[in-house]
Amino acid sequence: MDKFIPGLELSGKLFQLAIEPIMQKVFPQIEYSAARLDYGSDVLGFDTPMSMDHGWGPRLTLYFLENHYKNYQNQVSDYFANHLPFDIQGFPTNFAEPYADGGVMAYKDSYPIHHMVTITTPEKWFSDYLGVDINDPFSPTTWLTIPQQRLATLQAGQIYYDGLGHLSEIRQRFDWYPRDIWLYILANQWKRIDQDEPFVGRTGIVNDLLGSSLIGARLVQDLMRLGFLMNKTYFPYRKWFGTAFKGLSIAEKITPILNKILNSENWQEREKHLNRAYLFFGEEHNKLGITPYIKPELSNFHNRPFLVPHSARFADALLGQIEDPEVKSLPPYLGCIDQICDNTDVLEDIDQCKKFQILFKSRSTTK
């Protein structure tokens, strides 16, 4: 196809031009909401013409009340299959089967079509996508085992119509972590930095240039994640991690320094730029006002010739500000699912992520 419009906009057109008229005329008895909140580059707003080859097209989710879902789900879906227009602004509403790689548009000029309008309930959708029961309070372990990439799409997606009256309110519950959960995750992000900060020099001094570069790159990623947390923004999956970082308020100042870390030719140069980054993030931490002031400074790692910020200072101060007894009892070294695991297949499977709750329950401290 030689044209492109953002996927969220296209899905909005699907709703306005096709779904809404059908629901008003044929199914006026059904209360519903319509949105695009789940996976996809388009939901994040990062899709380009290249995105159109799979997992992209006119698609959305309809949310029904439980009784309407039981009574009308198949009827409504079948009606769409036999009455939706064959295209929306030139983009096929039919998708080839099976729905491999998120679905591939395939033009068809006869019915039935294989549309990608998902019909569900708010309870079922949030259970399937985030692993939560929206009718129960969210425990700390519930929050900590939801991958940020899923919270990111929920934050970035669009609700086209909220006839149920509460889909927007449910989404707002996930705007950001509760305060003490945020402090706990922030603390563990500083802990990750503390674990690696002396090793850029230690590897470099024995001429392990590849190892030093690798640790430097890992620290850059951890600093970027710290930036997302400080800016109260969920980060997306790897493909769009750097793109999303550009949108943070700190990006313009810190990105040139991070690039210099990655492009350094020796460990001494890498350490110099890392230390500039450490001081920057130390100042950003103090701007948040969530702990007593911590002086951003560098000193030797023991008596070795490596300057480090001793990031554990920030971690300890953050843990000390937590008030919720349930959060205080969590292991002070685990963090959230994204800090424990970076396996893509795990992070894309909410059931697998929920299995990590046993780590928190079995290792919680008692005070």
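Predicted model, so just to flag it, every value in this text is computed and none were measured.

(A) Main features of the overall build of the protein chain. Along the protein chain, the regular secondary structure elements total 19 helices and 8 strands. With respect to the principal axes defined by its C-alpha atoms, the protein chain has extents near 75 × 50 × 30 Å. Considering the protein chain as a whole, with its 367 residues, one finds that 52% of them fall into the buried category. For the protein chain, restricting intrachain contacts to residue pairs at least 6 apart in sequence, the fraction spanning at least 24 positions comes to 72%. When the accessible area of the protein chain is evaluated, it comes to approximately 17,100 Å², of which 50% is carbon and sulfur surface. Both charge centroids of the protein chain, one from 36 positive and one from 44 negative side chains, sit 6 Å from each other.

(B) Quick look at helix 4 (residues 122-130). Within the sequence span of helix 4, burial applies to P122, W125, F126, Y129 and L130. The arc enclosing the buried residues of helix 4, seen along the axis, measures out at 90°, which places them on a common side. The inward-facing, buried residues of helix 4 contact strand 2 (60-64), strand 5 (117-120), helix 6 (148-156), helix 7 (167-172) and helix 18 (350-354). Of the residues one or two after helix 4, G131 is the one with positive phi, at around 75°.

(C) Just the layout of surface pockets, in detail. By volume, the largest pocket is sized at about 530 Å³. In this structure, the largest pocket is lined by 21 residues; those nearest its centre are Y39, G40, S41, Y237 and K239. The set of elements that each furnish at least two residues to the lining of the largest pocket consists of helix 2 (41-44) and helix 6. Of the volumes computed, that of the second largest pocket is approximately 370 Å³. Taken together, 19 residues make up the lining of the second largest pocket; nearest its centre are Q221, R225, R238, D342 and L347.

(D) Expanded view of the packing of aromatic side chains. Within the structure shown, the criterion is met by 26 aromatic pairs. With a centroid separation of 5.7 Å and 85° between ring planes, the pair formed by F27 and Y79 is classed as edge-to-face. You can see F27 sitting in the loop between helix 1 (7-25) and strand 1 (32-36) and its partner Y79 sitting in helix 3 (residues 66-83), a full 52 residues away along the chain. Residue classification places F27 among the buried residues on the basis of a relative accessible area of 2%. Given the relative accessible area of 24%, Y79 is considered partly exposed. Over the aromatic face of F91 sits the side chain of K3, whose NZ or CZ is 5.3 Å from the ring centroid. Cation over ring: K232 sits above W182, and NZ or CZ is 4.5 Å from the ring centre.

(E) Region of the structure containing unusual backbone geometry. Of note, the bond from Y111 into P112 is cis; its omega dihedral lies within 30 degrees of zero at 0°. By secondary structure assignment, the location of P112 is in the loop between strand 4 (91-92) and strand 5. The phi torsion at N207 lies on the positive side, around 65°, for a residue other than glycine. For N207, the position within the fold is in the loop between helix 9 (199-204) and helix 10 (209-230). By relative accessible area, N207 is classed as exposed at 65%. Not every positive phi belongs to a glycine, and H302 is a case in point at roughly 55°. You can see H302 is positioned in the loop between strand 7 (299-300) and strand 8 (307-308).

(F) Spotlight on helix 13 (residues 267-288). Its 22 residues place the ends of helix 13 31 Å apart at the C-alpha level, agreeing with the 32 Å of an ideal helix rising 1.5 Å per residue. For helix 13, the capping residue at the N-terminal end is N266, with a side-chain oxygen 3.2 Å from the backbone nitrogen of Q268.

(G) Layout of the environment of G165. Take G165: it is sitting in the loop between strand 6 (158-162) and helix 7. Under the relative-accessibility criterion, G165 is labelled exposed at 55%. Measuring from C-alpha to C-alpha, the distance between G165 and L209 comes to 58 Å, with 44 residues separating the pair along the chain.

(H) Structural view of the packing of helix 8 (residues 179-196) against helix 13. Between helix 8 and helix 13, the shortest axis-to-axis distance is 13 Å and the interhelical angle comes to 165°. In terms of orientation, helix 8 and helix 13 fall into the roughly antiparallel class. For the crossing formed where helix 8 meets helix 13, the hand is left-handed. Of the residues in helix 13, those in contact with W182, W190 and I193 of helix 8 are Y278, F281, G282, H285 and L288. Taken together, the residues of the contact of helix 8 with helix 13 sort by class into 6 nonpolar, 2 polar and no charged.

(I) Here's a closer look at the pairing of strand 2. Strand 2 sits mainly inside the fold: 5 of its 5 residues count as buried. Of the two faces of strand 2, both are covered, the one formed by L60, L62 and F64 as well as the one formed by T61 and Y63. Across 4 bridges, strand 1 lies against strand 2 in antiparallel orientation. Its bridge partner being in strand 2, S33 is matched across the sheet by Y63. As paired strands, strand 2 and strand 5 are joined by 4 bridges and run parallel to one another. When the sheet's bridge partners are listed, T61 is paired in strand 5 with T118.

(J) The nonpolar core, seen in detail. By size, the foremost hydrophobic cluster in this structure holds 75 residues, and its most contacted members are F126, F174 and Y177. The residues contacting F126, other than those within four sequence positions of it, are G131, V132, I134, L154, L167, I170 and F174. Among the nonpolar cores identified, the runner-up in size contains 31 residues, and I22, M52, M116 and V117 belong to it.

Conventions we followed
Residues numbered from 1 in each chain as written. Predicted model: local features only at pLDDT ≥ 70, side-chain atom pairs only at ≥ 80, totals over all residues. Heavy atoms only, no water. Helix = DSSP H or I, 4+ residues; strand = E, 2+ residues; numbered from the N terminus. Buried < 20%, exposed > 50% of the residue type's maximum accessible area, 1.4 Å probe, protein only. Contact = heavy atoms within 4.5 Å. Areas by Shrake-Rupley, 256 points an atom, 1.4 Å probe, with all protein chains shown as cover. Lys, Arg positive; Asp, Glu negative; His and termini not counted. Charge placed at Lys NZ, Arg CZ, Asp CG, Glu CD. Arc of directions from axis to C-beta. 1 Å grid on protein atoms, 1.4 Å probe; cavity = no way out; pocket = protein on both sides within 12 Å on 5 of 7 lines; lining within 4 Å. Points joined across faces, edges and corners; volume = space filled by probe spheres on them. Phe/Tyr/Trp six-rings, centres within 6.5 Å; stacked < 30°, edge-to-face > 60°. Lys NZ or Arg CZ within 6 Å of the ring centre and 35° of its normal. Expected span 1.5 Å × (residues − 1). Polar contact = N/O pair within 3.5 Å; in protein donor to acceptor, adjacent residues only side chain to side chain. Axes fitted to C-alpha atoms, helices over the stretch in contact; angles between N-to-C directions. Parallel < 35°, antiparallel > 145°, perpendicular 65-115°, else oblique. Left-handed = near helix turned anticlockwise from the far one by under 90°. Nonpolar A, V, L, I, M, F, W, Y, C, P; charged D, E, K, R; others polar. Pairing = 2+ DSSP bridges. Core = buried A, V, L, I, M, F, W, Y, C linked by side-chain atoms within 4.5 Å.

Any functional reading would require information that these geometric values do not contain.
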